[in-house]
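Listed below, chain by chain, are the residues.
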Amino acid sequence: MTKKPKPSNIHELRNLPEDLQEMWDLAGENKPEQVVSERETEHALASIWGKIEQKPQEKRSSRRWMFTVAASLLFAFFTGYFTLYTHTEIAPAGETLSVTLPDGSTVTLNSSTEISYKPLFGLTHRNVHLNGEASFDVVSDPGLAFTVHSPQLQTVVLGTVFEVSDWKHGVFTTPGVQVFKGSVSVSNSLAEVQLNDNEMVFIDKESNGLSAVTKGSPDFSSLQNGRLYFSDVSIQEFFERMEFHYGQDIRVELNAPEDYRISGSYRISASLSEIIQDISTIKGLSYQKIHNGYIIAE
Amino acid sequence: MQIVVMNKIKIQTYAKEIKAGNRLAFSSFFRENYNRYMAFALRYLDSKADATDILQDVFVKLWEKREDLDVTKSLDSYLYTSIRNRCLNFIRDHSNKYSTIEDDIVDENSVSALEEDSEQLIHSLIQNLPDRQKEAFQLSRFDGLQHDEIAEIMDVSARTVNNHIVAALKTLRANFEKYKQQSALV
């Protein structure tokens, strides 16, 4: 008797008798296909986002909240009134947020970015924890270094204007730091680099080390003075940035997307439809509005 | 198998992104999998409107509780479990609308003699399997889930899952033969 090879999808049903094996195969033809249309799916998704946004901003988990309250009360009891809990500021998807830190330094958080600092900031330390992308304008204080701790990088400064881009679960951009004015020292687990005016550094995808470049080189995009700057970036990267910035879905359906490069700047307050229209006109592309986003095509 | 494994890795990548608050990942995950979850809910409920409501609640809750997601566990099993529990609760609370789950009562006569092709026939035979056997069988055959995942969803042991599936296949085989003989006689 020749052994019939078993279909690989019976992952655990080994040694099935031949008649049952046959039944398994026959039943496979009964797999239900499409039960909802694309339109129903989009409709359901829109309604889910609607329900999510209707509800008040979600609270932190109650245990953490209770812990914060307990810790603050305890601390306040010993030291009198002070800002004694860890401050956290969050810019939700599609929004930016400007924050002034207790030492007078200002930070602009890009969409989906979180920053926090522990009590006594500006008195005993100037450490901030960042997950995401933010521009800093740091007040000079030679006695107290200003340090940005982000998931993969550490940036130490004395007084300067710079930007850190480093998401914990970043899928869109390479972690990096760029300096507009002054100097900073950037390090990760492998390397340390000193950066001066108009220089930037990225984590090298292959070596995991740090590679420094000067501003204006290709594939450079940044957020500064309320504008998003792009220097010769690919159209995919451009729209990935836009998707992330506006929290919307942009599908690029082009035959040769690498042929389209983008340079220029946009106000972060501009509407997505304005930008899409603009790019489509300049590049001779067409676009179509879909639920929660756009399709870009030739 | 390759496809199933790829999907699992992909779903877990989505789980991480959703946990991190990535809205696009949530939307993409929803678009790619809504049909599958709807087909699953419709195995319990007759009304698509009711199934739609239940899926809405499950996905709203997924987003709201995203920070508590355990990404080391299967997001797929988590969703199947939530959908199943809500469907069963719904049936319990609307027992006038739905007949209750009756575990081992099979009406073999309900397979109509007019069932023409074997595909149609097998469909009816699957529908007439005892509920637990049917559930385990469909999750394994149509959703490509592993025994341990099905065990988690149905809240039984993996061995029981295996027994259910083998029993389902035996029942299907026996009824299939019986029907073939009958129709040959006609």
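What you see is a predicted model, and the numbers here were worked out from it, not measured in a lab.

Peer 1: Tell me about the overall build of chain B, residues and numbers included.
Peer 2: Helices and strands together make up the secondary structure of chain B, namely 8 helices and 0 strands. In chain B, the succession of α and β elements from N to C terminus is α-α-α-α-α-α-α-α. For chain B, the proportion of its 186 residues judged to be buried stands at 48%. In chain B, once contacts between residues fewer than 6 apart in sequence are set aside, the share between residues at least 24 apart is 65%.

Peer 1: An account of the interface of chain B and chain A is needed here, citing residue identities and associated values.
Peer 2: The partner chain A presents 47 residues to the 46 residues of chain B that form the contact. On the chain B side of the contact with chain A, B:Leu24, B:Arg31 and B:Arg141 bury the most area, a combined 16% of that side's loss. The interface formed by chain B and chain A contains 5 salt bridges. Here B:Arg31 and A:Glu42 are joined by a salt bridge, their closest N and O atoms 2.6 Å apart. Elements with a contribution of two residues or more to the side of chain B that touches chain A: α1 (2–19), α2 (23–41), α3 (48–64), α5 (118–127), α6 (131–141), α7 (147–154) and α8 (158–185) of chain B. For the side of chain B that touches chain A, the element with the highest residue contribution is α2(B), accounting for 10 residues. Classifying every residue of the side of chain B that touches chain A by side-chain character gives 22 nonpolar, 10 polar and 14 charged.

Peer 1: Residue-level account of helix α5 (residues 272–283) of chain A, with values.
Peer 2: Helical periodicity: at 3.6 residues per turn, an α-helix aligns residues three or four positions apart in one direction. Residue and element names in this part refer to chain A. For α5, with 12 residues, the first-to-last C-alpha span of 16 Å sits near the 16 Å given by 1.5 Å per residue. Of all the residues in α5, the buried ones are Leu272, Ile275, Ile276, Ile279 and Ser280. Projected down its long axis, α5 shows its buried positions confined to an angular sector of 130 degrees, all on one face. Exposed positions of α5 whose direction lies more than 90 degrees from the buried face are Thr281 and Ile282. Positive phi shows up at Gly284, right after α5, with a value of about 65 degrees.

Peer 1: Explain the pattern of salt bridges to me, and be specific about the residues and the numbers.
Peer 2: For the structure shown, the criterion picks out 13 salt bridges over all chains. As a salt-bridge pair, A:Glu22 and B:Arg173 come within 3.8 Å of each other at their nearest N and O atoms. You can see A:Glu22 sitting in helix α1 (residues 18–28) and its partner B:Arg173 sitting in helix α8, one on each of two chains. You can call A:Glu22 partly exposed: its relative accessible area is 40%. In this structure, the salt-bridge partner of B:Arg173 is B:Glu177, at a minimum N-O distance of 2.4 Å. A residue pair is termed a helical-turn pair when its members lie 3 or 4 positions apart in one helix, as B:Arg173 and B:Glu177 do in helix α8 at 4 residues. A relative accessible area of 34% means that B:Glu177 is categorised as partly exposed.

Peer 1: How would you sum up the confidence of the model for chain A? Please name residues and give values.
Peer 2: The pLDDT averaged across chain A works out to 75; a share of 76% of its residues lies at or above 70. When pLDDT is averaged over each helix and strand of chain A, the minimum, 57, is found for strand β14 (residues 220–224) of chain A and the maximum, 91, for strand β6 (residues 146–149) of chain A.

Peer 1: So what about the side chain of B:Gln56? Which residues, and what values?
Peer 2: With respect to the secondary-structure elements, B:Gln56 resides in helix α3. Here the side chain of B:Gln56 touches A:Ala44 through a polar contact of 3.1 Å, landing on its backbone oxygen. In this view, B:Gln56 contacts A:Ala44, A:Ser47, A:Ile48 and A:Lys51; residues no more than four positions away in its chain are not counted.

What counts and how
Residues numbered from 1 in each chain as written. Chains lettered and ligands numbered in written order. Predicted model: local features only at pLDDT ≥ 70, side-chain atom pairs only at ≥ 80, totals over all residues. Heavy atoms only, no water. Helix = DSSP H or I, 4+ residues; strand = E, 2+ residues; numbered from the N terminus. Buried < 20%, exposed > 50% of the residue type's maximum accessible area, 1.4 Å probe, protein only. Contact = heavy atoms within 4.5 Å. Buried area = accessible area lost by both parts, 1.4 Å probe. Salt bridge = Lys/Arg side-chain N within 4 Å of Asp/Glu carboxyl O. Nonpolar A, V, L, I, M, F, W, Y, C, P; charged D, E, K, R; others polar. Expected span 1.5 Å × (residues − 1). Arc of directions from axis to C-beta. pLDDT = per-residue confidence, 0-100. Polar contact = N/O pair within 3.5 Å; in protein donor to acceptor, adjacent residues only side chain to side chain.

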